[in-house]
Amino acid sequence: MTDLADRAAAMLGRSARVVQVLHGGDLSDALAVTLDDQRVVVVKSGRNAAVEAEMLRALRRAACPAPDVLHVREDILILQYLPNDGSVSSAWRSLGRTLHHLHDETGAAYGWDRDFRFGSVAIPNASAKTWPEFWGERRLLSSAPHVGTEFAKRLEKLTAGLPERVPLLPDASLLHGDLWSGNILISRGEVTGLVDPACYYGHSEVDLAMLTLFGSPSGAFWEAYGELEAGFEARVPIYQLWPALVHLRLFGSGYAGMVDRLLKATGV
């Protein structure tokens, strides 16, 4: 950890004085580093550094709270330090407003111009002409070879019926892509930053489904976010399958029950 902090500080022409390990992520090291000029920066390691930097810049261009990228090189990302001394339960309304604003930012196609990955799990982001094609091919079926024959057959069956179950051409909203409480910075009841993004353009409900997989947003969140599209509840398990599949592949059979439950919720 000290070596990572020293390398990052040198990239800024400074030296590291205090190093604190930041918790919450499972796939990369993250440090809060106090420099010799008393500035505090966040330092992350990982093979996704350059792509993550692009995603954070996209969030900021959309006027979404996110840390400024101070420097990026190879496997090191140096970010602005943002206050994070509160819990998401104190900021549901702020998060609702933040996501509504983020999802108002739209692109010309579904996907992203570069692929991404969560650790060993590749995330293909090549564009597709329709949303069912993107979600089926890039998200559900991309995991089929890695989760066993039974799950693979059920994913194939679900994918075949997606054109009748998800919108054909919804707005291509800018998505955070990995929205859970650990990636939301909070201070004084307000969202100060969305971090660790896995951005792409897609149906806005994807972020909402991820958020509800590991949490229970309050009524204040839904009120601030605004009106939901008809059929939202029926689509939630379809969209929750993607993070469940990623967790199964990364962390093992303890998540098989979650994948099975969600597949059953979709009727396959």
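The sections below set out a description of the structure shown in this document. The shown structure was predicted, so the numbers you read here are calculated from the model rather than taken from an experiment. (Residues numbered from 1 in each chain as written. Predicted model: local features only at pLDDT ≥ 70, side-chain atom pairs only at ≥ 80, totals over all residues. Heavy atoms only, no water.)

Further remarks concern the sheet that holds strand S5 (residues 76–80). Judged by pairing direction, the sheet is antiparallel, and its 5 strands sit side by side in the order S1-S2-S3-S5-S4 without closing on themselves. Every other strand in the sheet has two partners, leaving strand S1 (16–21) and strand S4 (69–73) as the edge strands with one partner each. Averaged over all pairs of adjacent strands, the angle between their axes in this sheet comes to 25 degrees, without regard to strand direction. In terms of strand pairing, S1 meets strand S2 (residues 30–35) through 5 bridges, oriented antiparallel. Paired with alanine 16 across the two strands is leucine 35, which belongs to S2. Seen against the sheet, helix H1 (residues 2–11) touches S1, S2, strand S3 (40–45), S4 and S5 and runs at an angle of roughly 70 degrees to S5. (Pairing = 2+ DSSP bridges. Helix = DSSP H or I, 4+ residues; strand = E, 2+ residues; numbered from the N terminus. Axes fitted to C-alpha atoms, helices over the stretch in contact; angles between N-to-C directions. Contact = heavy atoms within 4.5 Å.)

The next point concerns the packing of aromatic side chains. With the rule as written, the count across this model stands at 13 aromatic pairs. Ring centres of tryptophan 131 and tryptophan 135 lie 5.5 Å apart, and the angle between their planes is 35 degrees; on these two criteria the pair is classed as tilted. Of this pair, tryptophan 131 and tryptophan 135 both sit in helix H4 (residues 131–140), 4 residues apart, which is roughly one turn of the helix. The pair tryptophan 131 / tryptophan 135 is uniform in exposure class, with both members buried. Measuring from ring centre to ring centre gives 6.1 Å for phenylalanine 221 and tyrosine 225, while their planes differ by 15 degrees; the resulting arrangement is stacked. Highlighted residues: phenylalanine 221 and tyrosine 225, both in helix H7 (residues 219–225), separated by 4 residues, approximately one helical turn. (Phe/Tyr/Trp six-rings, centres within 6.5 Å; stacked < 30°, edge-to-face > 60°. Buried < 20%, exposed > 50% of the residue type's maximum accessible area, 1.4 Å probe, protein only.)

What follows concerns the packing of helix H8 (residues 232–251) against helix H9 (residues 256–266). For the pair H8 and H9, interaxial distance at closest approach is 9 Å and the crossing angle is 160 degrees. Comparing the axis directions of H8 and H9 gives the class roughly antiparallel. Here the hand of the crossing between H8 and H9 comes out left-handed. Contacts between H8 and H9 involve Pro237, Ile238, Gln240, Leu241, Ala244, Leu245 and Leu248 from the first element and Ala256, Met258, Val259, Leu262, Leu263, Ala265 and Thr266 from the second. Class assignment of the residues belonging to the contact of H8 with H9 gives a composition of 12 nonpolar, 2 polar and no charged. (Parallel < 35°, antiparallel > 145°, perpendicular 65-115°, else oblique. Left-handed = near helix turned anticlockwise from the far one by under 90°. Nonpolar A, V, L, I, M, F, W, Y, C, P; charged D, E, K, R; others polar.)

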